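# Coordinate analysis (summary)
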Amino acid sequence: GIFILQQKYVADLLKETGKLGCKPAATPIEHNQKLWEAKEEPTVDREMYQRLVGKLIYLAHTRPDIAYSVSMISQFMHDPRESHLQATYRVLHYLKGSPGKRVLFKRSQKLALEAYTDTDYAGSIVDRRSTSGYCTFLGGNLVTWRSKKQTVVARSSAKSEFRTMAQGICELLWLKIILEDLKIKWEGPMKLYCDNKSAINIAHNPVQHDRMKHIEIDRHFIKEKLEEGLICISYVSSGSQLADVLTKGLNGGLFHEIISKLRMKDIYSPA
């Protein structure tokens, strides 16, 4: 197959920030770490912080393993504090230990479109908004991913899950259009994997419960695509939910297990 990587970019970034000799970290963010405004902490150089985070955002375009942590630290670019800078340095320490990690694309006989969606309900301790994460695969190869805080506060975990599922379905439909423009078609529905059984049951249930009226639009959109046969939604256990890496800080073992399933390989070039 082929790889996409930015190993030289990582080396230049570590050199620029003086982190070439730092101690490597196992993960880009501590397990279950949450950031807040931290007004009581000393401020840091905002221009320096914004420039550093901007470079990490660019790097995240080929490094899904740092997407969630970069999404977290980018939320405080307007008023960075010491804890935000330390969280940013943690990402650099992780990159020091894995500068050659890259996404692998392999030839596949089965061009199936699949997506994993996950939500960290009310995960932000600043405004209690949820974090959405999805990743899509074509023929088993990771092609798109996203980690982003939702724009409004969800009133329930079902609403936050439905919003993320709708985003994942939109991404699949967009990829399907691109492939059709390339004269690539296949039979059968696109698969979407979710680890919330309640959300899956509501999507398939034609009865509109009063307590679910606040997610009516997303529910009807998802149900429409199910009835058209474009999408099929399957349950996946939390331990096999690949989008987990895009919604929360994981422990080292689970983090590296998911990264391996995303076909991210750590191959070092000769010195």
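Throughout, residues of each chain are indexed from 1 in the direction in which the sequence is written. Only residues with pLDDT of at least 70 get local features here, since the model is predicted, and only at 80 or more are side-chain atom pairs given and counted; chain-wide, interface and lining totals rely on the full set of residues. Hydrogens are left out, water is left out, and the side-chain values use all remaining heavy atoms of the structure.

As annotated in an unreviewed UniProt entry, the chain carries the name RVT_2 domain-containing protein and comes from Cephalotus follicularis.

### Overview of the domain arrangement of the chain
Segmentation of the chain into domains returns domain 1 (2–103) and domain 2 (108–236). Those domain boundaries reflect an automatic or database domain assignment. For domain 1 and domain 2, the distance between their C-alpha centroids amounts to 28 Å. Between two residues, a contact is recorded if the distance between any of their heavy atoms is within 4.5 Å. At the junction of the two partners, domain 1 supplies 15 residues and domain 2 supplies 10 residues. Only one rule defines a salt bridge in this text: a Lys or Arg side-chain nitrogen within 4 Å of an Asp or Glu carboxyl oxygen. For the interface between domain 1 and domain 2, the tally reads 1 salt bridge. The salt bridge partner of Asp120 is Lys34, with a shortest N-O separation of 2.8 Å.

### Things to note about the sheet that holds strand S8 (residues 264–266)
Any two strands with at least two DSSP bridges between them are considered paired. In this description a helix means any DSSP run of H or I spanning at least four residues, a strand means any run of E spanning at least two, and both kinds are numbered starting from the N terminus. Strands sit in the order S1-S2-S8 across an open sheet of 3 strands; the sheet is antiparallel. In this open sheet, the two strands that pair with only one neighbour each are strand S1 (2–4) and S8. Across the sheet, the axes of successive neighbouring strands diverge by a mean angle of 45 degrees, strand direction being ignored. Bridge count between S1 and strand S2 (residues 101–105): 3 bridges; the pairing is antiparallel. Its bridge partner being in S2, Phe3 is matched across the sheet by Leu104. All axes here are fitted lines through C-alpha atoms, helices being fitted over the stretch that makes contact, and every angle between N-to-C directions spans 0 to 180 degrees.

### Description of the packing of helix H2 (residues 46–59) against helix H4 (residues 82–97)
Two elements in contact, H2 and H4, have axes whose closest approach is 11 Å; the angle formed by their N-to-C orientations is 40 degrees. Classified by the angle between their axes, H2 and H4 sit oblique to one another. As H2 packs across H4, the resulting crossing turns out to be left-handed. Two secondary-structure elements touch here, H2 through Met48, Tyr49, Leu52, Val53, Leu56 and Leu59 and H4 through His84, Leu85, Thr88, Tyr89, Val91, Leu92 and Leu95. Each residue belonging to the contact of H2 with H4 can be placed in one class, and the counts come to 11 nonpolar, 2 polar and no charged. Any angle that is under 35 degrees is reported as roughly parallel, and any over 145 degrees as roughly antiparallel; angles of 65 to 115 degrees are reported as roughly perpendicular and all others as oblique. By convention the crossing between two helices is left-handed if the near helix lies anticlockwise of the far one by an angle smaller than a right angle, and right-handed if it lies clockwise. In this classification, Asp, Glu, Lys and Arg are treated as charged, Ala, Val, Leu, Ile, Met, Phe, Trp, Tyr, Cys and Pro as nonpolar, and every other residue, Gly included, as polar.

### Observations concerning the pairing of strand S3 (residues 113–120)
Only protein chains enter the accessibility calculation, which uses a 1.4 Å probe; a residue whose area is less than 20% of its type maximum is buried, one above 50% is exposed, and one in between is partly exposed. When you tally the buried positions in S3, you get 7 out of 8 residues, the bulk of the element. Relative to strand S4 (residues 131–138), S3 runs antiparallel, the two sharing 8 bridges. Within the sheet, the bridge partner assigned to Glu114 lies in S4 and is Phe137. Across 3 bridges, the pairing between S3 and strand S6 (residues 190–194) is parallel. If you follow Tyr116 over to S6, its bridge partner there is Tyr193.

### Some thoughts on the packing of aromatic side chains
Each aromatic pair joins two rings of Phe, Tyr and Trp (for Trp, the six-membered one) with centres within 6.5 Å, and gets the label stacked for planes under 30 degrees apart, edge-to-face for over 60, and tilted for any other angle. Under the definition given, this model contains 4 aromatic pairs. Arranged with centres 5.2 Å apart and planes meeting at 55 degrees, the rings of Tyr9 and Tyr58 form a pair that is tilted. Of this pair, Tyr9 sits in helix H1 (residues 7–16) while Tyr58 sits in helix H2, and the two are 49 residues apart along the sequence. The partly exposed category is assigned to Tyr9, whose relative accessible area is 25%. Judged by relative accessible area, Tyr58 falls into the partly exposed class, the value being 46%.

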